[in-house]
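What the coordinates show
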Amino acid sequence: MKSLKDNYDVIVIGAGPGGLAAAIAAKKNGAEDVLMIDRDLELGGILLQCIHNGFGVEIFKEDWPGPSYAQHFINEAQEVGVDAMLDTMVLDVTPDRKVYATGPGRGFVELEGRAIVMAMGCRERTRAQIKLPGPRPAGVYTAGLAQRWVNVEGYMPGKRFVILGSGDIGMIMARRLTFEGAKVERVLEVLPYLSGLNRNYVQCLLDFDIPLQLQHTVKRIIGKDKVEAVEAVAVDDHWNFIPGSEEIIPCDTLLLSVGLIPENELSQKAGVALDPVTNGPFVDDGFLTNVTGIFAAGNVVHVYDLVDWVTQAGLTAGKRAAQYAQGCYNVNPRYVPTAAGENVRYVVPHKLDPETLTEDGIMLQMRVTQPLEFPVRIEVRDGDTVIAKKAARYARPGEMVDITLKGKDYDAVRQARELTARVVAR
Amino acid sequence: MYQPYDVIIIGAGIVGAMTARFLSRYALKILWIEKESDICTGTTGANSALVHGGYDAMPKSLKAEMNVRGNAMWDALSEELDFAFARIGTHVVAIGEDELPALDELKARSDLNGVPTEIIAAEEMRRREPLINPEVSGALFCPSGGICDPWGATIAAAENAVQNGVELRLNTEFQDFLWEPSKIQSPKSKIVGIRTNQGDFYGRWVVNAAGLFADEVMHKAGLRPAFEITPRRGEYYVMDRNQIQTQTVLFPVPTKVSKGILVTTTLHGNTLVGPNAEEIDDKTDVAVTAAGMREIWDGARKLIPSLDARHVIAVFAGLRAGGNAPCLDCDEAYHKDFIIEIPAQVQGLVNLGGMESPALTAAPAIAERVVALLRGAGEPLVEKADWNPRREARPVFRHLDHAEQAALVARDPRYGHIICRCEYVTEGEIVAEIHAPIPATTYDAIKRRTWLGTGRCLGGFDMPRVVDILAHELGQDPLEISKKGAGSEFLVRKTKEVA
């Protein structure tokens, strides 16, 4: 095993797509010593269990499986000379950027970084978070857990499945389980619209005749030792069960694809403040958190729908972390705050330094509150003044919306008190 | 030649575990049976995790007596058996002026029970629990109340019993008593053993510590036909400790049915909210319900209005083994007392029944009473020379500071391998439990002992890893590994093997 130092310019926690990109960008932007720490045995994060295609469409105009997408960046990280500490779990990060970690190979280690990039990704919401009634038998799993079992461990957790939630992992698993000879009885979605990408609905459910029922949920789980059935029920617009619509669906496994939550327990230990809407840190346009020298990249900030955007965020955060480590990050800018306006649930970044626009564009990323299935306009305003606008064919809560501010917007942004994003009918 | 047992104990909840541990002190051959695949899976496994002061128990009842005595035994036991317990005191909180008189009534009852309590002012309550409902009008503080980990306490007592020679058989279900054949007496007068799904076992004494099923066991002996256990289900929420931290144990003013929906801190730092109280028919039905969850939420917010549903990380339900045994000594009619007796009608039975709250608190006192009853029935109960009252807990990585963690990992690298990302449970801890005196052989058994899978991701991260470790350590195929015994296996086949 290569011997590693204990002081780094940039330490990246998590080596999924966000972390890999951050580490590569940090190294390419002048950081001498860059270390990635990951709890798994290999680099790549959750991409390694995503053996389906659809990765790299935006950046590479390719349609790679997850491991291939990861490998592209793993190769690049090795080429540029990023260090990696695998099979190692970070236990603690302090506000003064000490990192405590442990692993069976290396033992307990204490490290220090001039800059840190939090890239821990996200975790799946569980049955507790959706208050799913019933007993607690074997056979109730999150879709990502089932994905690991099937794609990495090589085991099937059941024969007959019901999937609750139309998140992307759930729909992808519906197809994957069908390939493996299992029967997927139904995908239930409590909302009146899809939670995940429409392309996954077409390619994973429609193409395999797996029924999707919108405005349906699980009323209770049945089975004491192992799941025997679920009771499905239709809901009205206020999520109330519609009496008489109950249906018992026999199955041995219930998969949950009911959302993802940025994983920020380490960030909190380091004193990073979180936005209660995104569950991720408040960040500026360089993904700097409220704690000096601690950056955040990818799904740890907010949950993305495409890996390409996670990579982009990682590249930005890594570049800025390298600048910080070299003492050339503007830590006292005259920030302009952003705000969620009409039909926008949140905007990332939460504030931006107008000076960034003299070098780079700044992408504002947002999620809409309500689906609009007709042409829409995405606007950034300062009060009643429109600073930037963009057209789109539709806006759906399951698909991230973005608009990029450019150098030409510099003057308007610099003079703005607040940048409000809205997504409205065209 | 086949040697019959001196004592057979039915049931491995806290009452059975404490009884086994207390009896293990004496030169007795003891068999302890449990129908489930692990100990501590019934009432003891899912409750409020409180050691009650005893202020509210019906004066002169067996419950009151056992509660107060049992409470006093927890400090020494937690020290001897090395399990966690914190005597942080409990509060009954009055919200609004209307509820204040209830505190005086409770105070009067606590005086009758000999339990020290004091009424504290609203301002003091706000200081102790900054998140309390601002309309608090006062509280009854009971300094002897505390919080415990029922899994940890039961496992510690059970392990100590086994280390002192008690023979524990899991997956062994009581079916009936075996009687001494007799031509002179009634054929059902002297118990000589029990019949189980695993065969017959002979013994001179049988202790009925069957919890929810204690009524069925005593009915098999023809005793107390009117005694009936009605399971009363209570549902709970566990909150994320990173999102909300309460400091104390908070009860509302009690109702006729229960102590009410409480909000309490736990030894693990997570706030626990619940339970409701719903009488049901099925003694195994631990389902959570939509209605129950709403009820708890409304109740809990009366005490802590800022509780946020988004910060719930786990939901569970437990069953209280509520009985209908009358108290003969009480000044008013009371029909929910404990049964702790050697019934006169048959020979060879110790009967424990109605073991609902505060049975967890009272368990050591109940065990002590069982010893006294056996002695009173003429058992010599000779202390074993080699009896060891002490049991040592195994290392818990997350409880150590960084230097201690580093030392532990240096000694055994498996303690450096984190398997549960939320609670930081290591491979070393899991392996130690698989090879412990009472081996943990299922996922839930490991969960009860190490606390893995109890955090925010509910085991989503650790489950495949734990299945691997169990399979490796037990020399089994991953397909055989289960959540809680046969019939609850996680996996059905390998991929690419379409059946």
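Residues numbered from 1 in each chain as written. Chains lettered and ligands numbered in written order. Predicted model: local features only at pLDDT ≥ 70, side-chain atom pairs only at ≥ 80, totals over all residues.

With that settled, the discussion passes to the overall build of chain B. Check the secondary structure of chain B and you find 12 helices and 23 strands. For chain B, whose C-alpha radius of gyration is 23 Å, the value lies close to the compact-globule estimate of 23 Å for 499 residues. Overall, chain B is about 70 × 70 × 50 Å in size when its C-alpha atoms are taken along their principal axes. Looking at the 499 residues of chain B, the share that counts as buried comes to 56%. Considering only contacts in chain B between residues 6 or more positions apart, those separated by 24 or more positions represent 71%. (Helix = DSSP H or I, 4+ residues; strand = E, 2+ residues; numbered from the N terminus. Rg over C-alpha atoms; globule rule 2.2 N^0.38 Å. Buried ≥ 20, exposed ≤ 12 C-beta atoms within 10 Å, placed from the backbone. Contact = placed C-beta atoms within 7 Å.)

All names here are of chain B. Where helix 10 (residues 427–434) meets helix 12 (residues 463–474), the closest approach of the two axes is 10 Å, and the angle between their N-to-C directions is 45°. Our classification of the angle between helix 10 and helix 12 gives oblique. For helix 10 against helix 12, the interelement crossing comes out right-handed. In this structure, helix 10 uses Glu427, Ile430, Val431 and Ile434 to contact helix 12, whose residues at the interface are Val466, Ile469, Leu470, Glu473 and Leu474. For the contact of helix 10 with helix 12, the class distribution of residues is 7 nonpolar, no polar and 2 charged. (Axes fitted to C-alpha atoms, helices over the stretch in contact; angles between N-to-C directions. Parallel < 35°, antiparallel > 145°, perpendicular 65-115°, else oblique. Left-handed = near helix turned anticlockwise from the far one by under 90°. Nonpolar A, V, L, I, M, F, W, Y, C, P; charged D, E, K, R; others polar.)

Moving on to the nonpolar core. Judged by nonpolar contacts, the single largest core of 292 residues is most densely connected at A:Val10 and A:Phe295. Looking at this core, the element that brings in the most residues is helix 7 (residues 307–325) of chain A, giving 10 residues. (Core = buried A, V, L, I, M, F, W, Y, C linked by C-beta atoms within 7 Å.)

At the junction of the two partners, chain A supplies 42 residues and chain B supplies 45 residues. For the side of chain A that touches chain B, the secondary-structure elements that each account for two or more residues are strand 4 (89–93), strand 5 (98–103), strand 6 (107–118), strand 7 (122–124), helix 3 (143–153), strand 9 (155–156) and helix 6 (265–269) of chain A. Of all the elements, helix 3 of chain A adds the most residues to the side of chain A that touches chain B, at 6 residues. Looking at the side of chain A that touches chain B residue by residue, the class counts come to 16 nonpolar, 12 polar and 14 charged.

Another aspect to go through is unusual backbone geometry. Cis geometry is found at the peptide bond from A:Val348 to A:Pro349, where omega equals 0°. Along the chain, A:Pro349 falls in the loop between strand 20 (344–348) and strand 21 (351–352). The omega torsion across B:Gly274 and B:Pro275 is -10°, close enough to zero to call that bond cis. Along the chain, B:Pro275 falls in the loop between strand 16 (272–274) and strand 17 (278–279).

The next thing to look at is the pairing of strand 18 (residues 312–322) of chain B. Residues and elements named next belong to chain B. For strand 18, the tally of buried residues reaches 11 of 11 residues, placing the bulk of the element in the interior. Where strand 13 (residues 230–239) and strand 18 come together, 10 bridges link them in antiparallel fashion. Each bridged residue has a counterpart across the sheet, and for arginine 233 the counterpart in strand 18 is leucine 319. (Pairing = 2+ DSSP bridges.)

On to the sheet that holds strand 8 (residues 146–148) of chain B, then. Across a sheet, strands are paired by hydrogen bonds formed along the backbone, either parallel or antiparallel in direction. Residues and elements named next belong to chain B. The 3 strands are arranged 3-8-4 in an open sheet whose pairing can be described as antiparallel. Each edge of the open sheet carries a strand with a single partner, namely strand 3 (50–51) and strand 4 (85–86). Two strands pair when backbone bridges link them, and strand 3 and strand 8 are joined in this way by 2 bridges, in the antiparallel orientation. Bridge pairing links leucine 50 to isoleucine 147 in strand 8.

We now examine the sheet that holds strand 16 (residues 253–256) of chain A. Residue and element names in this part refer to chain A. Strand order across the open sheet formed by 5 strands is 8-16-10-11-12, with parallel pairing between neighbours. Across the chains shown, the open sheet's two edge strands, defined by having one partner strand only, are strand 8 (140–142) and strand 12 (212–214). Across this sheet, the average inter-strand angle for adjacent strands is 20°, counted without regard to direction. Bridging between strand 11 (residues 183–189) and strand 12 involves 3 bridges; their strand directions are parallel.

Let's shift gears to helix 1 (residues 14–23) of chain B. For an α-helix the count is 3.6 residues per turn, leaving residues at separations of three or four pointing the same way. Residue and element names in this part refer to chain B. Most of helix 1 sits inside the fold, with 10 of its 10 residues counted as buried. Of all the residues in helix 1, the buried ones are Ile14, Val15, Gly16, Ala17, Met18, Thr19, Ala20, Arg21, Phe22 and Leu23. Tucked inside the fold, the buried residues of helix 1 contact strand 1 (5–10), strand 2 (30–33), helix 5 (150–163), strand 12 (199–208), strand 20 (349–353) and helix 8 (359–376).

With that settled, the discussion passes to the confidence of the model for chain B. Any region with low pLDDT has predicted coordinates that should not be read closely. With 99% of its residues at a pLDDT of 70 or more, chain B has an overall mean of 95. Interface confidence in the predicted complex, given as ipTM, is 0.94; pTM for the same model is 0.94. (pLDDT = per-residue confidence, 0-100.)

Moving on, we come to helix 3 of chain A. Residues and elements named next belong to chain A. Counted residue by residue, helix 3 has 8 buried out of 11 residues, so it is predominantly covered. Buried within helix 3 are the following residues: Ala143, Gly144, Leu145, Ala146, Gln147, Arg148, Trp149 and Val150. In the stretch just after helix 3, glycine 154 is the one whose phi turns positive, near 80°.

Residues and elements named next belong to chain B. Counting through the fold element by element, valine 370 comes out in helix 8. Residue valine 370 is classed as buried on the basis of its C-beta count, with 24 C-beta atoms lying within 10 Å. For valine 370 and phenylalanine 22, which are 348 residues apart along the polypeptide, the C-alpha to C-alpha distance reads 8.8 Å. Leaving out residues up to four positions away in the same chain, valine 370 has contacts with Thr19, Phe22, Val207 and Val350.

All names here are of chain B. Here the domain parsing of chain B yields domain 1 (5–45 + 151–229 + 325–376), domain 2 (90–143 + 231–321) and domain 3 (397–480). Each of domain 1 and domain 2 has a C-alpha centre, and these two points are 31 Å apart. Every contact between the two is made by 11 residues of domain 1 and, on the other side, 6 residues of domain 2. Of the residues assigned to the side of domain 1 that touches domain 2, the class counts are 5 nonpolar, 5 polar and 1 charged. (Domains from an automatic or database assignment.)

Residue and element names in this part refer to chain A. Its domain assignment divides chain A into domain 1 (1–125 + 260–332), domain 2 (127–258) and domain 3 (333–426). Counting from both sides, the interface comprises 7 residues of domain 1 and, opposite them, 13 residues of domain 2. The residue inventory of the side of domain 1 that touches domain 2, partitioned by class, reads 2 nonpolar, 2 polar and 3 charged.

What follows deals with the environment of B:Glu427. Residues and elements named next belong to chain B. Within the element layout of this structure, glutamate 427 appears in helix 10. Look at glutamate 427 and you get buried, because 23 C-beta atoms sit within 10 Å. Between the C-alpha atoms of glutamate 427 and glutamate 118, which are 309 residues apart in sequence, the distance is 46 Å. Residues within four places of glutamate 427 in sequence aside, it is in contact with Arg414, His417, Ile419 and Ile469.

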